[in-house]
Amino acid sequence: MSTPAPAALSAITREVEDFVAAGGWDQPPQLFALVPTAHLLREQPDLVGQVDPESVLTPIAQEGLTDDDLGVALAGIMWPEAVHGCALAQEIVMLPPEAEADLPSDDVDPLGRIAASHPQAREARLVAAALRDGTVACVMRIRSADGQTDEIIEHPELAPNLTSALLDTLRD
C-alpha cells in the first residue's frame, strides 16, 4: 500500500471529526485505528457497501480508553502491523493567551476547572491523527457561542504533544 499524502490524512481526520460531531458535544475521548481499506475489505468482506473502497484508509472506532489520564492510556497502546495510523478525538477548553497567563501553573486538574469557568473559555473538539511514516494532521472544531456555526481550524501542528504521543503508539 502506498502511503497517503498529507492531504489524504487531513481528509481522514476531517472524516473522524464529522463522525464524532454527529454525536454532539460532551463526549469522552475517542480513539480510532486507521487501517488500509483494501486490507479491511479482504478481512471483512461483509463491509463491502459500507466502506468507501476508493479511500486509502478507513477509520475504525476503538473501545473506550480505560484510563482517565490520556497520557497514561496512550502510553499503554501498541497497534498491530495492519494498523497504519491512528486518530484521537477529544474535547478541550481553550483560552486566549492573555487569559492563560493569569492561571496558576502548579496543579493541572484545578487548572482545567479554572479554565472551564473562565469567562473567555471556548469549548473545542480536537482530532489529531498520525501515520507510521510520521505524517500528522489535526482539525479542531471550536464550539460556537450561539450554537449555530462552529469554526473549523486545520493545521498539522495544532497539537504537537498529542501527535507525538500518537506516533509513539505506532512505533515497533
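Residues numbered from 1 in each chain as written. Predicted model: local features only at pLDDT ≥ 70, side-chain atom pairs only at ≥ 80, totals over all residues. Heavy atoms only, no water.

Asks: Tell me about the overall build of the protein, and please be specific about residues and values.
Replies: Tallying secondary structure elements over the protein gives 6 helices and 6 strands in all. When the elements of the protein are put in sequence order from the N terminus, they spell out α-β-α-β-α-β-α-α-β-β-β-α. Burial statistics for the protein: of 172 residues in total, 37% are counted as buried. Restricting the contact set of the protein to residue pairs at least 6 apart, pairs at least 24 apart contribute 65%. Just so you have it, the protein exposes about 10,000 Å², and 51% of that area is on carbon and sulfur atoms. (Helix = DSSP H or I, 4+ residues; strand = E, 2+ residues; numbered from the N terminus. Buried < 20%, exposed > 50% of the residue type's maximum accessible area, 1.4 Å probe, protein only. Contact = heavy atoms within 4.5 Å. Areas by Shrake-Rupley, 256 points an atom, 1.4 Å probe, with all protein chains shown as cover.)

Asks: Can you break down the nonpolar core residue by residue, with the values?
Replies: Considering soluble globular proteins, one finds that nonpolar side chains tend to be buried as a cluster. Counting 26 residues, the largest nonpolar core has Leu31, Leu74, Trp79, Leu88, Leu126, Leu162 and Leu166 as the members making the most contacts within it. For this core, the elements supplying multiple residues, two or more each, are strand S1 (30-36), helix H2 (37-43), helix H3 (70-75), strand S3 (85-94), strand S4 (122-131), strand S5 (136-142) and helix H6 (160-169). Element by element, the count of residues in this core is highest for S4, at 4 residues. In this structure, Leu166 is in contact with Leu31, Leu74, Cys86, Leu88, Ala128, Ala129 and Ala130, ignoring residues within four places of it in sequence. Formed by 14 residues, the second largest nonpolar core is a distinct cluster that contains Val16, Val20, Leu131 and Ala137. (Core = buried A, V, L, I, M, F, W, Y, C linked by side-chain atoms within 4.5 Å.)

Asks: Kindly report on helix H1 (residues 6-21), identifying the contributing residues and their values.
Replies: For H1, with 16 residues, the first-to-last C-alpha span of 22 Å sits near the 22 Å given by 1.5 Å per residue. Residues Leu9, Ile12, Thr13, Val16, Glu17 and Val20 constitute the buried set of H1. An end-on view of H1 places all buried positions within 140° of arc, on one side of the element. Lining the buried residues of H1 we find S1, strand S2 (57-61), S3, S4 and S5. (Expected span 1.5 Å × (residues − 1). Arc of directions from axis to C-beta.)

Asks: Could you give an account of the packing of aromatic side chains, naming the residues involved and the relevant values?
Replies: For the coordinates displayed, the defined rule picks out 1 aromatic pair. When the ring centre of Trp25 is taken as origin, the NZ or CZ atom of Arg125, which lies over that ring, is 4.3 Å away. (Phe/Tyr/Trp six-rings, centres within 6.5 Å; stacked < 30°, edge-to-face > 60°. Lys NZ or Arg CZ within 6 Å of the ring centre and 35° of its normal.)

Asks: How would you summarise the pairing of S4 if you had to cite specific residues and measurements?
Replies: Of all 10 residues in S4, 8 are buried, a share of seventy percent or more. Pairing of S3 with S4 involves 10 bridges; the strand directions are antiparallel. Counterpart to Cys86 in the pairing with S4 is Ala130. As paired elements, S4 and S5 share 7 bridges and run antiparallel to each other. Bridging from a neighbouring strand, Ala130 pairs with Val136 of S5. Linkage of S4 to S5, two consecutive antiparallel strands, is achieved through a turn of 4 residues, within which Gly134 is found at a positive phi near 100°. (Pairing = 2+ DSSP bridges.)

Asks: How would you sum up H6? Please name residues and give values.
Replies: Looking at H6, one finds that the buried residues are Leu162, Thr163, Leu166, Leu167 and Thr169. Looking down the long axis of H6, one finds its buried residues gathered within 155° of arc, a one-sided arrangement. Buried residues along H6 sit against S1, H3, S3, S4 and S5.

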